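# Secondary and tertiary structure notes
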Amino acid sequence: MINAVGNVKACNKLGDAASDLRDAAGQRTELVTKLSQLKVDKLPDNAALTAALTNAWKASASADTHYAAWADQAAGKHGCKKGQARTTGQTAAGNAASGTASNQKAKAAALWNSIAKTYGLTQRQPTQL
């Protein structure tokens, strides 16, 4: 979604960016639903891991939704100036949610990597979550 946000900033392909961001928000919401259906009670720190992933994906979905709204605003009259989207409340809300998502992804990755190391599973970077 970094590319879509970059397109919004540059006032490039705003309709596509908004659509991509809304699709991503839906996918992240679906991940939260799927996670809630998984049995992870045998994993160490399963409650903390589940909470961090849930919080990360909910915050990412929120950021994507705010950035999509920002793209809509940028596509409107006076939304772009000299090839740059004007900053709005949607931009700020997206940035705040994105920061929360990054923090929660880092927490989830650390928890997962501890489990993965113990059981010989693939470790993950926060950006992979």
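Now for a look at the structure at hand.

The rules behind each value
What you see as residue numbers is a count from 1 along each chain, following the sequence as written. pLDDT decides what is reported in this predicted model: residues at 70 or higher carry local features, side-chain atom pairs at 80 or more are listed and counted, and totals for whole chains, interfaces and linings draw on all residues regardless. To get the side-chain values, all heavy atoms of the structure are used, and hydrogens and water are removed first. Runs of E in the DSSP output that reach at least two residues are strands. Runs of H or I that reach at least four are helices, and both are numbered from the N terminus. The rule is simple: take the accessible area with a 1.4 Å probe, protein chains only, and divide by the maximum for that residue type; under 20% is buried, over 50% is exposed, in between is partly exposed. Here a residue-residue contact requires only that any non-hydrogen atoms of the pair lie within 4.5 Å. For the accessible areas, the method is Shrake-Rupley and the probe is 1.4 Å, while residue cover comes only from the protein chains on display. Charged-residue counts in this description rest on Lys and Arg as positive and Asp and Glu as negative, His and the chain ends being excluded. All charge positions are set by atom: Lys at NZ, Arg at CZ, Asp at CG, Glu at CD. Only the stretch in contact is used when a helix axis is fitted, and all axes are lines through C-alpha atoms; the angle between N-to-C directions ranges over 0 to 180 degrees. Each angle gets one of four labels, with under 35 degrees taken as roughly parallel, over 145 as roughly antiparallel, 65 to 115 as roughly perpendicular, and the rest as oblique. It is the rotation of the near helix from the far one that decides the hand of a crossing: anticlockwise by less than a right angle makes it left-handed, clockwise makes it right-handed. Note that Gly is not counted as nonpolar here; it falls among the polar residues with everything else outside the nonpolar set of Ala, Val, Leu, Ile, Met, Phe, Trp, Tyr, Cys and Pro and the charged set of Asp, Glu, Lys and Arg. Here the expected length of a helix is defined as 1.5 Å per residue gap, with one fewer gap than residues. Polar contact is defined as a pair of N or O atoms within 3.5 Å, subject to the rule that within protein one atom must be able to donate a hydrogen and the other to accept it, and that residues adjacent in sequence are counted only when both atoms are side-chain atoms. Here, a salt bridge means any Lys or Arg side-chain nitrogen found within 4 Å of an Asp or Glu carboxyl oxygen.

Before going further, it helps to examine the overall build of the protein. Within the protein one finds 4 helices and 2 strands. Along the chain direction, N to C, the helices and strands of the protein fall in the order α-α-α-β-β-α. The C-alpha extent of the protein, read off along each of the three principal axes, is 55 × 25 × 20 Å. Buried positions account for 33% of the 129 residues belonging to the protein. Considering only contacts within the protein whose residues lie at least 6 apart along the sequence, 61% involve residues at least 24 apart. A total of about 7,700 Å² of accessible surface is found on the protein, and carbon and sulfur atoms cover 51% of it. Here the protein contributes 16 positive and 8 negative side-chain charges, whose respective centroids are spaced 7 Å apart.

On to the packing of helix α2 (residues 14–37) against helix α3 (residues 46–75). Here α2 crosses α3 at 160°, and the two axes come no closer than 8 Å. As far as their axial angle goes, α3 and α2 are roughly antiparallel. Crossing geometry of α2 relative to α3 is assigned as left-handed. Residues that form the contact of α2 with α3 fall into these classes: 17 nonpolar, 5 polar and 5 charged.

What follows is about the environment of valine 40. Tracing the backbone shows valine 40 in the loop between α2 and α3. Distance in space between the C-alpha atoms of valine 40 and threonine 50 is 8.3 Å, their sequence separation being 10 residues.

Compared with the 45 Å implied by 1.5 Å per residue over 31 residues, the 45 Å span of helix α4 (residues 89–119) between its first and last C-alpha is a close match. What α4 keeps buried is the set Thr91, Gly94, Ala97, Ala101, Gln104, Lys105, Ala108, Ala109, Leu111, Asn113, Ile115 and Ala116. Summarising the contacts, the buried residues of α4 are in contact with α2 and α3. Between the side-chain oxygen of the N-cap and the backbone nitrogen of glutamine 90 there are 3.1 Å, and the N-cap of α4 in question is threonine 88.

When their charged atoms lie close together, side chains carrying opposite charge are able to pair. Going through the model one piece at a time under the given rule, you end up with 3 salt bridges. One salt bridge in this structure joins glutamate 30 and lysine 34, with 3.2 Å as the shortest N-O distance. In this pair, glutamate 30 and lysine 34 both sit in helix α2, 4 residues apart, roughly one turn of the helix. Looking at lysine 34, the relative accessible area reads 46%, which means it is partly exposed.

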